[in-house]
Amino acid sequence: MKNCVVVGAQWGDEGKAKITDLLAQNADLIIRYQGGCNAGHTVVAHGKTFKFHLIPSGILYGNKICFIGNGTVILPEYFQQEIDGLKQENIDLSGLKVSPLASITMPWHTEIDGQSERTAGKGKIGTTKKGIGPTYTDKMQRIGLKVGDLYSETALSEKLDIILPVKNKQLKELYDLKTYTKEEVLELCKKYAEIFRPYVCFEWQELLRNAKKENKKVLFEGAQGVMLDVDFGTYPFVTSSNPVGGGAAVGSGYGPKEIDEVIGVAKAYVTRVGEGPFVTELEDEIGTLIQEIGHEFGVTTGRPRRCGWFDAVTMRYACLVGGLTSIALTKIDVFDNFDEIKICKAYKDIRDGQIYYDYPTDVFIHKYLEPVYEIMEGWCEDITKVRKYEDLPRNCRRYLERLEQLLETPISIVSVGPDREQTIFKN
Ligand code: GDP
Ligand code: IMO
Ligand code: MG
């Protein structure tokens, strides 16, 4: 195995965790490089379903190092809950490590997230309300706390003397929210220090240096997806981090030259949770059918996911900006009973008829765009037990080959069900 990044290539929930878990069997080190517990990652193995938010999906193997990198944001109480859940399942957590440079989501971050969403009106983003945006905002404003700060009393005290006056002013004047005393924050930080103590890895430089020297195989686990990327996604309807392949270097401490492959995970259709443009969205019985067959309900919030046909325009863009070297196509089995399947190969502007083959980055015109579809014949048979590419029905292979043509990127993995076993490696 080469060093590989697994990236969501659409709006999240593409089945990244299934692919990460699968590839993790040949990896030594698995690194989460961005996002926080806004992510909901499902792995089905040995007939059991595991749901992860922060902890890398590779943890199930027991003998891997799973590192939560500097680019992530961690809500300590959620982290603790996840740990407790895994301990109950007797999962070995001895390989779990957290970067001291990871940012901490404080209670005011979740409070601001909730309040901003409540008062945003038309500007509502439909966030997961896990404090993601406000935590990254403070990181960038340089008034955030990092995991490592919890272990130095004097540094923490000095930092809070700078942070709290700014934060309390914002909380009171901008958000009409409760303010915090230094004493109560210090008390919270003590609690957080205990939560992270068994996992915080101050020796992370040694960990990465040795991994390089010993040619260890590294798997970088992305959360969210390219279209939710704060730079390249449907801004402002995005998350606040960089899920793109390039984010793996920034969020881990590994250099870009260490990365050999970027696998973009995409569903055979598209889903989206929360607000924001979605040109191929189906607000009809086909959309409902895809939602039902695909069980399209959020892992983190339980919200129903909006569904639509495969969008080759955004996906071609995702291949470019996400740095994808190949695609893992998931949930293709959801179409097993469909007579026909549509692929959006261009957008048409209803105002003047202009055709777009390249993704228009000005999302405010997306409401004027309609999809230009190509219709493919379905295969109308059960493919969930197929394990070899050649054994897929002809129409299914045609569909996959057409996607490769439109995306100018090879498909390396085809997933035909949620289980580890239900996977076809194409090459
Ligand atoms: P992630 O956030 O990208 O890791 O994806 P989620 O876990 O949020 O959602 C993907 C869902 O699809 C999970 O319930 C998976 O078990 C399921 N899944 C993954 N691959 C397949 C597949 O090929 N077929 C079907 N039917 N389900 C799949
Ligand atoms: P995984 O890793 C799908 C969406 C939210 C919202 C926007 C901003 O499971 O693919 P945030 O809470 O991040 O500020 O919300 O991003 N979102 C996701 N959608 N899957 C995810 O993660 C998501 N994480 C955030 O619904 O639209
Ligand atoms: Mg998910």
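A brief structural summary. (Residues numbered from 1 in each chain as written. Chains lettered and ligands numbered in written order. Predicted model: local features only at pLDDT ≥ 70, side-chain atom pairs only at ≥ 80, totals over all residues. Heavy atoms only, no water.)

**Focus: the pairing of strand β9 (residues 218-221)**
Line of reasoning, step 1. Residues Val-218 and Phe-220 point to one face of β9 and Leu-219 and Glu-221 to the other, with burial holding for every one of them.
Line of reasoning, step 2. Note that strand β1 (residues 4-8) and β9 share 3 bridges and pair parallel. Paired with Cys-4 across the two strands is Leu-219, which belongs to β9.
Line of reasoning, step 3. Looking at chain direction, strand β2 (residues 29-32) and β9 are connected through 4 bridges and run parallel. Bridge assignment links Leu-29 to a residue of β9, and that residue is Val-218. (Buried < 20%, exposed > 50% of the residue type's maximum accessible area, 1.4 Å probe, protein only. Helix = DSSP H or I, 4+ residues; strand = E, 2+ residues; numbered from the N terminus. Pairing = 2+ DSSP bridges.)

**Let's talk about the coordination of the magnesium ion (ligand 3)**
Line of reasoning, step 1. Protein-derived ligands of the magnesium ion (ligand 3) are Asp-13 (OD) and Gly-40 (O), with the metal-ligand distances lying across 2.0 to 2.1 Å. Residue Asp-13 is found in the loop between β1 and α1 (16-24), and its partner Gly-40 is found in the loop between β2 and β3 (41-45); the two are separated by 27 residues along the sequence. (Donors = N, O, S within 2.8 Å, 3.2 Å for Na, K, Ca; no water.)

**Observations regarding the sheet that holds strand β10 (residues 261-267)**
Line of reasoning, step 1. Strands sit in the order β7-β5-β2-β9-β1-β10-β14-β18-β19 across an open sheet of 9 strands; the sheet is mixed. Here the strands that pair on one side only, and so sit at the sheet edges, are β7 (96-98) and β19 (423-425). The sheet shows a mean angle of 20° between the axes of neighbouring strands, direction not considered.
Line of reasoning, step 2. Strand contacts of helix α7 (residues 204-213): β2, β5 (65-68) and β7, with the helix running at about 130° to β2, the strand carrying the most contacts. (Axes fitted to C-alpha atoms, helices over the stretch in contact; angles between N-to-C directions. Contact = heavy atoms within 4.5 Å.)

**Details of the environment of Gln-34**
Line of reasoning, step 1. Note that Gln-34 resides in the loop between β2 and β3.
Line of reasoning, step 2. Look at Gln-34 and you get buried, because its relative accessible area is 2%.
Line of reasoning, step 3. A C-alpha to C-alpha distance of 6.3 Å links Gln-34 and Ser-241, two positions 207 residues apart in sequence.
Line of reasoning, step 4. The residues contacting Gln-34, other than those within four sequence positions of it, are Gly-71, Thr-72, Tyr-136, Gly-222, Ala-223, Gln-224, Ser-241, Asn-242 and Pro-243.
Line of reasoning, step 5. Polar side-chain contacts of Gln-34 include one of 2.5 Å to the backbone nitrogen of Ala-223. (Polar contact = N/O pair within 3.5 Å; in protein donor to acceptor, adjacent residues only side chain to side chain.)

**Details of the nonpolar core**
Line of reasoning, step 1. Grouped together as the largest cluster of nonpolar side chains are 73 residues, with contacts concentrated most on Phe-310, Leu-329, Ile-332, Phe-335, Tyr-399 and Leu-400.
Line of reasoning, step 2. Among the elements that take part in this core, helix α10 (residues 312-321) stands out by supplying 7 residues, more than any other.
Line of reasoning, step 3. Counting the residues that make up this core, at least three belong to each of domain 1 (4-102 + 200-263) and domain 3 (267-425).
Line of reasoning, step 4. Judged by nonpolar contacts, the second largest core, of 58 residues, contains Leu-96, Ile-104, Ile-112 and Leu-160. (Core = buried A, V, L, I, M, F, W, Y, C linked by side-chain atoms within 4.5 Å. Domains from an automatic or database assignment.)

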